[in-house]
Amino acid sequence: MAPTRTVKSSMKGAKSSSKPSALGAKKKPKAPPPKQQKTKPAQGPAKKKRRVYTDKELGIPKLNMITPVGVDLPKGKKKGKVFVDDQESMMTILAIVNANKEGQIESKMMKSRQMEEIREARRKEAEARQEQRKSKLEETKDSMRKKRKRKPDVAVDTESSDSVPKESKGGKAGRKRVSFA
Amino acid sequence: MRPLTEPETQTLFSKLANYTGPSLKALIAPPPSSSSKEDTRMVFRMHQSRVYYCSLHIANLATSIARPNLLSVGTCLGKFTKTGKFRLHITALDIIAPHARYKVWVKPNGEMPFLYGGNIVKAHVGRWSEDCPEHQGVVVLKMDDTPLGFGVTARSTAETKRLEPTGITVFRQADVGEYLREEDTLFTT
């Protein structure tokens, strides 16, 4: 308010100084002053109404401050615990919990069943491998046995039947003998 | 003494649901055949971190007793730990046994080892509920269906079949032997 008024007066003063004093004196009492006065007081109260809000009122958080969880309570919320004592809300909580548990058990069962299947498949595979190994071993055993059986046959076939006993006799004869008379 | 808050109710129910099936509803809402007066409604109340299950009538009567003087009301189900978890006590056995989802019956020669605080070995199992998964809460019963306690399965039913007789099938959590063993601490706060 105050500074605007002073500015006006200075302007008026300047005008009056430039123009002849007699003219200025005639104009002044007529129209302009009341008009200007009306408009300017109207602007003044509007500026006065502007309210300055504090940070707290606006809910602006303070800078460089850490507020621990739970210390800053939400506005407009009731303080204290909220109890569950009516049957309906307890039933809804129970239904949620039951559904959760059911799901957990189901997933556990599924998992264990899958694991069981995998284990079964692995066991069968291992068994089949064992069987294969066993059969291979048997095969080699059989072939060895056949070879062993065949060798004496071959010897019999190739050499004359008499030669063998002769050899054996010769072997016996060749052995050194010691006799005590 | 106060009612439970929502997270507390959830924790309690999820613990109870470990052992019981969907018939747990009967705990909150008694069957309509029984007299459905407001006073006979069963409620959960918390007193010094312990949870009690009692009728509303008794809970209301108990409000006339000063908190430090009140020792126990109704049936104690268990207590909340300082970390917010819930621990079932053996006193809850009477409430969970009729609604049990999975059960294990122990032979007479396995009763005493269990009641002295031991786990249940395969040789002592008389029969068990089929299709029971691993680490699932079970109620332990005598062969004549008397509840002895509760525990958690060590293996699933299928795996247990392959187990040697000395292998553990159920880890003990609570047994009725505690009434004697924990006599001094069971009801003190």
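Each chain has its residues counted from 1, running along the sequence as written. Chain labels run from A onward and ligand labels from 1 onward, assigned in the order the entries are written. Selection of residues for local features in this predicted model requires a pLDDT of at least 70, selection of side-chain atom pairs for listing and counting requires 80 or more, and totals for whole chains, interfaces and linings are taken over all residues. Computation of side-chain values covers all heavy atoms of the structure but excludes hydrogens and water.

Student: For this particular structure, what's the right way to read the sheet that holds strand β10 (residues 147-153) of chain B?
Tutor: Two strands in a sheet stick together by hydrogen bonds in their backbones, pointing the same way (parallel) or opposite ways (antiparallel). Residues and elements named next belong to chain B. A pair of strands is treated as paired once DSSP finds two or more bridges between them. Elements are defined by DSSP. Helices are runs of H or I of four residues or more, strands are runs of E of two residues or more, and each kind is numbered from the N terminus. Pairing in this open sheet of six strands is mixed, and the strands run β7-β11-β10-β9-β6-β8 from one edge to the other. Of all the strands in the sheet, just β7 (120-121) and β8 (125-128) have a single pairing partner and so form its edges. Where strand β6 (residues 103-106) lies against strand β9 (residues 137-142), four bridges are found, and the strand directions are parallel. Within β9, the position partnered with Val104 by the bridge is Val140. Relative to β10, helix α5 (residues 108-115) is tilted by about 75°, and along the sheet it contacts β6, β7, β9, β10 and β11 (168-175). It only takes one pair of heavy atoms within 4.5 Å for two residues to be counted as in contact. Only the stretch in contact is used when a helix axis is fitted, and all axes are lines through C-alpha atoms; the angle between N-to-C directions ranges over 0 to 180 degrees.

Student: In this structure, what is going on with the interface of chain A and chain B? I would like to understand it.
Tutor: Size of an interface: often given as the accessible area lost when the parts come together. Contact with chain A, which involves 22 residues of that partner, is made by 32 residues of chain B. Buried area: the sum, over both parts, of the accessible surface (1.4 Å probe) that disappears when the two are put together. Carbon and sulfur atoms make up 62% of the area that chain A and chain B hide from each other, which totals about 2,500 Å². Together, Asp85, Met90 and Leu94 of chain A form the three largest contributors to the area buried by chain A at its contact with chain B, with a combined 21%. Between Lys or Arg on one side and Asp or Glu on the other, a salt bridge is scored when a side-chain nitrogen of the former is within 4 Å of a carboxyl oxygen of the latter. For the pair chain A and chain B, the number of links is three salt bridges. A salt bridge links Glu102 of chain A to Arg101 of chain B, with the shortest nitrogen-to-oxygen separation between them at 3.3 Å. Polar contact is the term for a pair of N or O atoms within 3.5 Å; when the atoms are in protein, one must be able to donate a hydrogen and the other to accept it, and sequence-neighboring residues count only if both atoms are side-chain atoms. Joining chain A to chain B, the criterion identifies nine residue pairs in polar contact (both at pLDDT 80 or more). The residue inventory of the side of chain A that touches chain B, partitioned by class, reads eleven nonpolar, two polar and nine charged. Basically, the charged four are Asp, Glu, Lys and Arg, the nonpolar ten are Ala, Val, Leu, Ile, Met, Phe, Trp, Tyr, Cys and Pro, and anything else, Gly included, counts as polar.

Student: I tried to follow a positive patch on the surface on my own but got confused; where do I start?
Tutor: Patch construction takes residues with relative accessible area above 30% that form no salt bridge. Like charges are linked within 9 Å, and nonpolar side chains (Val, Leu, Ile, Met, Phe, Trp, Tyr) are linked within 5 Å. All accessible areas in this document rest on Shrake-Rupley with a 1.4 Å probe, and a residue is counted as covered only by the protein chains that are shown. Charged residues are defined narrowly, with Lys and Arg counted positive, Asp and Glu counted negative, and His plus the chain ends left uncounted. For charged residues, the charge sits on one atom: NZ in Lys, CZ in Arg, CG in Asp, CD in Glu. Taken together, Lys79, Lys82, Lys85 and Arg87 of chain B make up a surface patch of like positive charges. Throughout this description, buried means an accessible area under 20% of the type-specific maximum (1.4 Å probe, protein chains only), exposed means over 50%, and partly exposed covers the range between. Judged by its relative accessible area of 30%, Lys79 of chain B falls in the partly exposed class.

Student: Looking at this model, I keep getting lost on helix α1 (residues 6-16) of chain B. Mind explaining?
Tutor: Because each turn of an α-helix spans 3.6 residues, side chains separated by three or four positions end up pointing in the same direction. When α1 of chain B is considered as a whole, its buried residues turn out to be Glu8, Thr9, Leu12, Phe13 and Leu16 of chain B. Angular distribution of buried residues about the axis of α1 of chain B spans 125°; they occupy a single face of the element. It is the directions from the helix axis to the C-beta atoms that the arc portrays.

Student: What's the story with the pairing of β10 of chain B in this structure? I'm lost.
Tutor: Both faces of the sheet carry side chains from a regular strand, because those side chains alternate between them. All names here are of chain B. Of all seven residues that make up β10, six are buried, and the element is covered over most of its length. Summarising the sheet, β9 and β10 pair through five bridges and their orientation is antiparallel. Paired with Val139 across the bridge in β10 is Phe150. Two successive antiparallel strands, β9 and β10, enclose a turn made up of four residues, where Asp145 displays a positive phi of approximately 70°. When β10 meets β11, the two strands line up antiparallel, connected through five bridges. What sits directly across from Phe150, in β11, is Ala174.

Student: Would you take a moment to explain the nonpolar core for this structure?
Tutor: In summary, soluble globular proteins display a tendency toward joint burial of nonpolar side chains. To form a nonpolar core, buried Ala, Val, Leu, Ile, Met, Phe, Trp, Tyr and Cys residues must be joined to one another through side-chain atoms within 4.5 Å. Among the nonpolar cores identified, the biggest contains 35 residues, and Leu12, Phe13, Leu16, Phe44, Val51 and Leu77 of chain B are the most heavily contacted of them. The domain limits used here are those given by an automatic or database domain assignment. Each of two domains, domain 1 (2-95) and domain 2 (102-180) of chain B, supplies a minimum of three residues to this core. Core analysis: the next-biggest nonpolar cluster, separate from the first, contains 13 residues, Met109 of chain A together with Ile120, Cys132 and Leu148 of chain B among them.

Student: Explain the pairing of strand β4 (residues 75-80) of chain B to me, please; I cannot follow it from the model alone.
Tutor: All names here are of chain B. Relative to β4, strand β3 (residues 50-55) runs antiparallel, the two sharing four bridges. Bridge pairing in β4 links Tyr52 to Cys76. Pairing of β4 with strand β5 (residues 86-88), which is carried by three bridges, proceeds in the antiparallel orientation. When the bridges of β5 are listed, Lys79 appears paired with Arg87. Hairpin remark: β4 followed by β5, antiparallel, with five residues in the connecting loop; positive phi at Gly84, about 90°.

Student: Hey, could you run me through the side chain of Thr160 of chain B in this one?
Tutor: Residues and elements named next belong to chain B. Among the secondary structure elements, Thr160 is positioned in helix α6 (residues 157-161). Only 2.6 Å separates the side chain of Thr160 from the backbone oxygen of Ser156, close enough to count as a polar contact. Discounting residues that sit within four places of it in the chain, Thr160 has contacts with Lys122, Trp128, Arg155 and Thr169.

Student: Any chance you could explain the sheet that holds β3 of chain B here in plain terms?
Tutor: Residue and element names in this part refer to chain B. Read from one edge to the other, the open sheet built from five strands follows the order β1-β2-β3-β4-β5, with strand pairing classed as antiparallel. Each edge of the open sheet carries a strand with a single partner, namely β1 (2-3) and β5. Against the sheet, α1 engages β1, β2 (42-47), β3, β4 and β5, with an angle of about 40° to β5.

Student: Just to check I follow, could you spell out the confidence of the model for chain B for this structure?
Tutor: For any part of a model where pLDDT is low, the fine detail of the predicted coordinates should not be relied upon. The predictor attaches a confidence to each residue, and that confidence, scored 0 to 100, is pLDDT. Taken over all residues, the pLDDT of chain B has a mean of 89, while the share at 70 or more is 94%. The ipTM for the predicted assembly is 0.83, set against a pTM of 0.66.

Student: What am I meant to see in the packing of aromatic side chains here?
Tutor: To describe a pair of aromatic rings, one takes the distance between the centres and the angle between the planes. All names here are of chain B. Only the six-membered ring of Trp is used, alongside the rings of Phe and Tyr, when aromatic pairs are assigned; centres must lie within 6.5 Å, and planes under 30 degrees apart are stacked while those over 60 apart are edge-to-face, with the rest tilted. Scanning the entire structure with this criterion turns up four aromatic pairs over all chains. Plain terms: the ring middles of Phe44 and Tyr53 are 5.1 Å apart, the flat faces sit at 40° to each other, and that makes the pair tilted. Overall, the relative accessible area of 3% leaves Phe44 in the buried class. Aromatic ring contacts, followed pair by pair, group Phe13, Phe44 and Tyr53 into a single cluster. Sitting over a ring, as applied to charges here, requires NZ of Lys or CZ of Arg to be within 6 Å of the ring centre and within 35 degrees of the ring normal. One Lys or Arg, Arg127, reaches over the ring of Trp105 and ends 4.0 Å from the middle of that ring.

Student: Help me understand the environment of Ser156 of chain B in this model?
Tutor: Residues and elements named next belong to chain B. Structurally, the position occupied by Ser156 is in the loop between β10 and α6. Note: C-alpha distance between Ser156 and His135 (21 residues apart in sequence) is 7.8 Å. Ignoring anything within four residues of it in the chain, the contact list for Ser156 reads Cys132, Pro133 and Glu134.

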